[in-house]
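If you want the building blocks of each chain, they are given just below.
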Amino acid sequence: MSHRVALGALMLATLVLSGCQSLSGWHQDPLRTEAVTKAAHEPGCEGDACAVVEADYLRFPESPELSALLQKRLFALASGLSDDPNGSAIGRATSFDDFAGQVFAAAKEARRKVPELPGYAADLDAKVIADHDDLLVIELDGYLYSGGAHGLPLTQYLVIDRDTREPVSLAEMLKPGQRAAYDAALARAHQRWLQTDQAQGLSAEQWPFVISENVAPLKDALAVKYQVYDLAPYAVGQPVLTIPYADLEGILRPRYLP
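Just so we're clear, the structure is a prediction, and the values are computed from it rather than from any experiment.

Asks: I keep staring at the overall build of the protein chain and nothing clicks. Help me out?
Replies: Summing up its helical and strand segments, the protein chain has 5 helices and 9 strands in all. Starting at the N terminus, the α and β elements of the protein chain follow one another as α-β-β-α-α-β-β-β-β-α-α-β-β-β. When the 258 residues of the protein chain are sorted by exposure, 41% land in the buried category. For the protein chain, contacts bridging at least 24 residues in sequence account for 56% of all contacts bridging at least 6. For the protein chain, the accessible surface area stands at approximately 14,000 Å², while carbon and sulfur atoms represent 54% of it.

Asks: Looking at this model, I keep getting lost on the layout of surface pockets. Mind explaining?
Replies: In this approach a probe as big as a water molecule rolls over the atoms, and the regions it shows empty are the leftover space. Estimated volume of the second largest pocket: approximately 200 Å³. What lines the second largest pocket is a set of 14 residues, and nearest its centre among them are R73, Y157, V168, S169 and E213. Elements represented by at least two residues in the lining of the second largest pocket include exactly β5 (152–161) and α4 (170–173). For the lining of the second largest pocket, the leading source of residues is β5, giving 4 residues.

Asks: How do you make sense of the packing of aromatic side chains when you look at a structure like this?
Replies: Given two aromatic rings, their pairing is described by the distance between the two centres and the angle made by the two planes. A full pass over the atoms with the stated rule returns 3 aromatic pairs. When the centroid spacing of 6.2 Å and the interplanar angle of 75° are considered together, the rings of Y57 and F75 count as edge-to-face. In this pair, Y57 is assigned in strand β2 (residues 52–59) and F75 in helix α2 (residues 64–76), connecting sequence segments 18 residues apart. For the pair shown, Y57 and F75 are each scored as buried. Among the aromatic residues, those joined into a ring-pair cluster are Y57, F75 and F99.

Asks: Quick question: what am I supposed to make of the sheet that holds strand β9 (residues 240–244) here?
Replies: The strands that make up a sheet are held in pairs by hydrogen bonds between backbone atoms, and each pair lies either parallel or antiparallel. Taking strand neighbours across the sheet as the criterion, the 3 strands line up as β7-β8-β9 in an open arrangement whose pairing is antiparallel. Looking at strand neighbours, the two that pair on one side only are β7 (215–217) and β9, the edges of this open sheet. Taking each pair of neighbouring strands and ignoring which way they run, the sheet shows an average axis angle of 20°. Note that β7 and strand β8 (residues 221–225) share 3 bridges and pair antiparallel. Counted as the bridge partner of V215 is V224 from β8. Sitting on the sheet, helix α5 (residues 179–193) touches β7, β8 and β9, and the angle it makes with β9 is about 120°.

Asks: Is there a simple way to think about the environment of A55 in this case?
Replies: Within the fold, A55 resides in strand β2. With residues near it in sequence (within four places) discarded, A55 still touches V36, T37, K38, F96 and L124.

Asks: In this structure, what is going on with the pairing of strand β3 (residues 121–132)? I would like to understand it.
Replies: The side chains of a regular strand alternate, first on one face of the sheet and then on the other. With 5 bridges connecting them, β2 and β3 associate as parallel partners. Bridge assignment links E54 to a residue of β3, and that residue is D123. Looking at chain direction, β3 and strand β4 (residues 135–145) are connected through 11 bridges and run antiparallel. Bridge pairing in β4 places D131 opposite L136. A loop of 2 residues connects β3 with β4, the two strands running antiparallel in sequence, and D133 in this loop sits at a positive phi of about 50°.

Asks: For this particular structure, what's the right way to read the state of the cysteines?
Replies: Note: disulfide means a covalent bond formed between the sulfur atoms of two cysteine side chains. This structure, assessed with the given rule, holds 1 disulfide. Bridging C45 to C50, the disulfide has an S-S length of 2.1 Å. When the S-S torsion is -95°, as for the bridge of C45 with C50, the disulfide is left-handed. As far as burial versus exposure is concerned, C45 and C50 are alike and both buried.

Asks: Quick question: what am I supposed to make of α5 here?
Replies: Given 3.6 residues per turn, any residue in an α-helix points the same way as the ones three and four places further on. Between the first and last C-alpha of α5 there are 21 Å, a value that for 15 residues agrees with the 21 Å anticipated at 1.5 Å per step. Buried within α5 we find Y182, A185, L186, A189, H190 and W193. Viewed end-on, α5 has its buried residues packed into an arc of 150°, placing them on one side of the element.

The rules behind the values
- Residues numbered from 1 in each chain as written.
- Predicted model: local features only at pLDDT ≥ 70, side-chain atom pairs only at ≥ 80, totals over all residues.
- Heavy atoms only, no water.
- Helix = DSSP H or I, 4+ residues; strand = E, 2+ residues; numbered from the N terminus.
- Buried < 20%, exposed > 50% of the residue type's maximum accessible area, 1.4 Å probe, protein only.
- Contact = heavy atoms within 4.5 Å.
- Areas by Shrake-Rupley, 256 points an atom, 1.4 Å probe, with all protein chains shown as cover.
- 1 Å grid on protein atoms, 1.4 Å probe; cavity = no way out; pocket = protein on both sides within 12 Å on 5 of 7 lines; lining within 4 Å.
- Points joined across faces, edges and corners; volume = space filled by probe spheres on them.
- Phe/Tyr/Trp six-rings, centres within 6.5 Å; stacked < 30°, edge-to-face > 60°.
- Pairing = 2+ DSSP bridges.
- Axes fitted to C-alpha atoms, helices over the stretch in contact; angles between N-to-C directions.
- Disulfide = S-S within 2.5 Å.
- Expected span 1.5 Å × (residues − 1).
- Arc of directions from axis to C-beta.

Written out as structure tokens, the structure reads:
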């Protein structure tokens with residue numbers, strides 16, 4: 001008898017727990033991510049000149065709005081594959097299928113003009129690189145090839161505030177009136193970078209300093225990533241300047257300082 005009572009109590013507790021967990025998804029991280037992997041080959045095309053599109057990115061099961069935003073920003077990295085003077089349709093894609101179709105159309109048109117052109121390729125990636133102090137930081141990467149000696153890597157950061165579940169820009173991280181102070185702190189970070197092995201042989205005169213708003217508040221410092229050719233030749237890659245948080249006291253809002 002006591003065994004049956006104990007067993008019944010255990011089953012009841014299990015049902016109660018299961019029911020509670022199903023309510024409002026309280027046990028779920030509202031910003032949890034799931035991996036999405038997709039690939040497409042240009043339809044009706046054979047040979048090495050065919051376009052290929054691959055994407056490994058993320059979706060937010062609890063937030064369709066953020067999923068749509070991430071896709072929009074990721075696909076926008078490929079806007080350089082089109083030379084449309086009125087703005088790239090590729091850069092305005094909102095789904096993988098639309099994006100792939102636009103890449104294939106651009107590749108087909110390019111081959112019409114230059115039949116010997118190598119195949120277009122677009123390889124996109126999104127991954128979480130930091131999750132701290134209620135900030136989720138995602139790195140969006142793209143590698144695009146549309147002929148020429150090499151492809152073009154591109155990177156953008158997406159910073160999401162866990163409290164509001166909204167993306168955050170640099171302007172929103174800065175305290176009022178502190179933009180010039182941020183620019184000065186970034187310039188100092190550039191001077192430090194010029195002393196590293198990566199920047200060996202470069203001069204500020206040949207490759208002058210430029211401002212970037214592509215920032216990621218990592219756990220130990222603010223990372224500022226540049227695209228190729230912004231600060232250095234292609235062979236140098238994509239420089240990352242780091243600004244210690246001590247240099248950003250009074251510049252960033254306290255919310256974005258660890």
